[in-house]
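Here are the chains, one letter per residue:
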Amino acid sequence: MRITLVTSNHPKQKMGGAEYQTWLLAKGLKNRGHSVTLLATNSDMKNQYVDDAGVVAVEIPNRHIAGETQHKESAKQAVESSQPDIVYIRRFEDISRLADVCRANNIPFVSMSVHSMETSPFFLGYHPSQTIRNVRSKRALLHFRSFYAIRDSAVHVCNLRALQTKIEKWYPRKRIETIYNGSPVPEVDSEPKIPSGQVVWVNNMKRWKRPEVYIDLARHLPDYRFVMVGRLPSGRSGKEIERMLAEATPNLDDVGPKPVEEANELIRHS
């Protein structure tokens with residue numbers, strides 16, 4: 001079977017939870033004998049290569065670089081050239097761009113919600129300023145179109161049962177499934193390289209993921225070592241998190257972004 005999976009970036013270029021989960025799925029399908037393409041729709045440039053797992057990686061410039069019309073056309077061409085039997089769309093706003101392509105080519109597609117904001121057509125944001133930015137940047141319109149396009153997917157997948165319950169209120173007759181995120185579990189060796197008593201956070205430090213709670217937890221548990229792995233966001237929220245980290249207790253260590261192998265090693269000994 002020919003399968004195309006769509007996410008923001010290839011994890012070798014820019015790592016995040018969505019990228020890692022999609023690549024694990026691509027790798028697993030490739031190991032089962034399928035022909036797999038990973039389409040990265042939020043890249044900085046156009047590129048195509050075969051990665052270490054034998055997955056064909058196709059990268060197209062994001063809409064801010066290419067413009068909305070050209071970006072949609074590039075995504076359309078990428079899907080059609082891979083001639084998939086099915087498309088898996090991990091990035092929510094890409095549903096609006098690719099649903100029409102899949103319909104026109106009679107390709108079934110799987111849509112996905114992994115966040116509470118992806119359970120409603122209203123993309124309101126967490127703060128009034130964010131809502132205004134979403135409207136001005138047209139992300140709110142993309143979000144609405146994506147939510148509406150769920151009706152045409154072969155199945156809609158959520159990574160939490162609570163999200164599925166919310167989606168079902170909008171689509172009571174839609175096939176919706178909950179599939180929890182998974183990750184390979186490495187073996188723990190008998191002599192850990194890092195002492196016990198370590199707590200690790202692996203997450204890009206977006207505001208809505210509430211890193212301040214983890215920082216506060218370290219303050220309340222001084223006998224434990226806390227490690228934060230992940231990128232800081234840009235703009236005002238990034239500066240605010242950076243300030244909180246500078247004022248954190250000595251038992252908290254921010255190590256910044258790490259390759260997945262190093263992040264897994266930290267998890268393994270925590």
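Above this note sits the structure.
To keep things clear, this report deals only with the structure shown in the data block. Note that the coordinates shown come from a computational prediction; the quantities given were computed from them, not determined experimentally. (Residues numbered from 1 in each chain as written. Predicted model: local features only at pLDDT ≥ 70, side-chain atom pairs only at ≥ 80, totals over all residues. Heavy atoms only, no water.)

1. A closer look at the sheet that holds strand S1 (residues 2-7)
Strand order in the open sheet formed by eight strands is S3-S4-S2-S1-S5-S6-S7-S8, and the pairing between neighbours is mixed. Edge positions in the sheet fall to strand S3 (47-50) and strand S8 (176-178), since each of these pairs with one other strand and no more. Across the sheet, the mean angle from the axis of one strand to that of its neighbour is 20 degrees, orientation sign disregarded. Across the sheet, helix H4 (residues 94-104) is in contact with S1, strand S2 (35-43), strand S5 (86-89) and strand S6 (109-113); its angle to S6 comes to roughly 165 degrees. (Pairing = 2+ DSSP bridges. Helix = DSSP H or I, 4+ residues; strand = E, 2+ residues; numbered from the N terminus. Axes fitted to C-alpha atoms, helices over the stretch in contact; angles between N-to-C directions. Contact = heavy atoms within 4.5 Å.)

2. Thoughts on the packing of aromatic side chains
In the structure shown here, the tally under the stated rule is five aromatic pairs. Between Trp-201 and Tyr-214, the aromatic rings sit 5.4 Å apart at their centres with planes inclined by 50 degrees, giving tilted as the arrangement. Of this pair, Trp-201 sits in strand S9 (residues 198-202) while Tyr-214 sits in helix H8 (residues 211-220), and the two are 13 residues apart along the sequence. Judged by relative accessible area, which is 8%, Tyr-214 ranks as buried. When the centroid spacing of 5.4 Å and the interplanar angle of 75 degrees are considered together, the rings of Tyr-214 and Phe-226 count as edge-to-face. Here Tyr-214 is found in helix H8, whereas its partner Phe-226 is found in strand S10 (residues 225-229), with 12 residues between them in sequence. Members of the aromatic cluster, each reached through a chain of ring pairs, are Phe-122, Phe-147, Trp-170 and Tyr-171. (Phe/Tyr/Trp six-rings, centres within 6.5 Å; stacked < 30°, edge-to-face > 60°. Buried < 20%, exposed > 50% of the residue type's maximum accessible area, 1.4 Å probe, protein only.)

3. Some details on the side chain of Asn-9
Looking at the secondary structure, you find Asn-9 in the loop between S1 and helix H1 (17-31). Beyond its immediate sequence surroundings of up to four residues, Asn-9 is in contact with Lys-14, Glu-19, Ala-40, Asn-42 and Ser-43.

4. Quick word on helix H7 (residues 161-170)
Along H7, the residues that are buried comprise Leu-163, Gln-164 and Ile-167. Take H7 and look down its axis: the buried residues cluster within an arc of 100 degrees, on one side only. Next to the buried residues of H7 lie S6, helix H6 (139-149), strand S7 (155-158) and S8. (Arc of directions from axis to C-beta.)

5. Here we look at the sheet that holds S9
Sheet architecture is open: three strands sit in the order S9-S10-S11, paired in parallel fashion. The outermost strands of the open sheet, each flanked by one partner alone, are S9 and strand S11 (252-256). Direction aside, neighbouring strands of the sheet carry axes that sit 20 degrees apart on average. Note: S10 against S11, four bridges, orientation parallel. Looking at S11, one finds that Val-227 is bridged to Asp-253. Sitting on the sheet, H8 touches S9, S10 and S11, and the angle it makes with S10 is about 160 degrees.

6. A look at H1
Under the 1.5 Å per step criterion, the end-to-end length of H1 is 21 Å for 15 residues, consistent within 8% with the ideal 21 Å. Buried residues of H1: Glu-19, Tyr-20, Gln-21, Thr-22, Trp-23, Ala-26 and Leu-29, and no others. Residues of H1 that are buried in the fold lie against S1, S2, S5 and helix H10 (260-268). Just downstream of H1, Gly-33 is the residue with a positive phi angle, here 100 degrees. (Expected span 1.5 Å × (residues − 1).)

7. Structural notes on unusual backbone geometry
Most peptide bonds adopt trans geometry, and most residues besides glycine take a negative phi value. Located in the positive-phi region is Gln-83, a residue other than glycine, with phi close to 50 degrees. Inspection of the secondary structure assignment puts Gln-83 in the loop between helix H3 (68-82) and S5. Backbone geometry places Asn-106, a non-glycine residue, at a positive phi of 55 degrees. Its location among the elements puts Asn-106 in the loop between H4 and S6.

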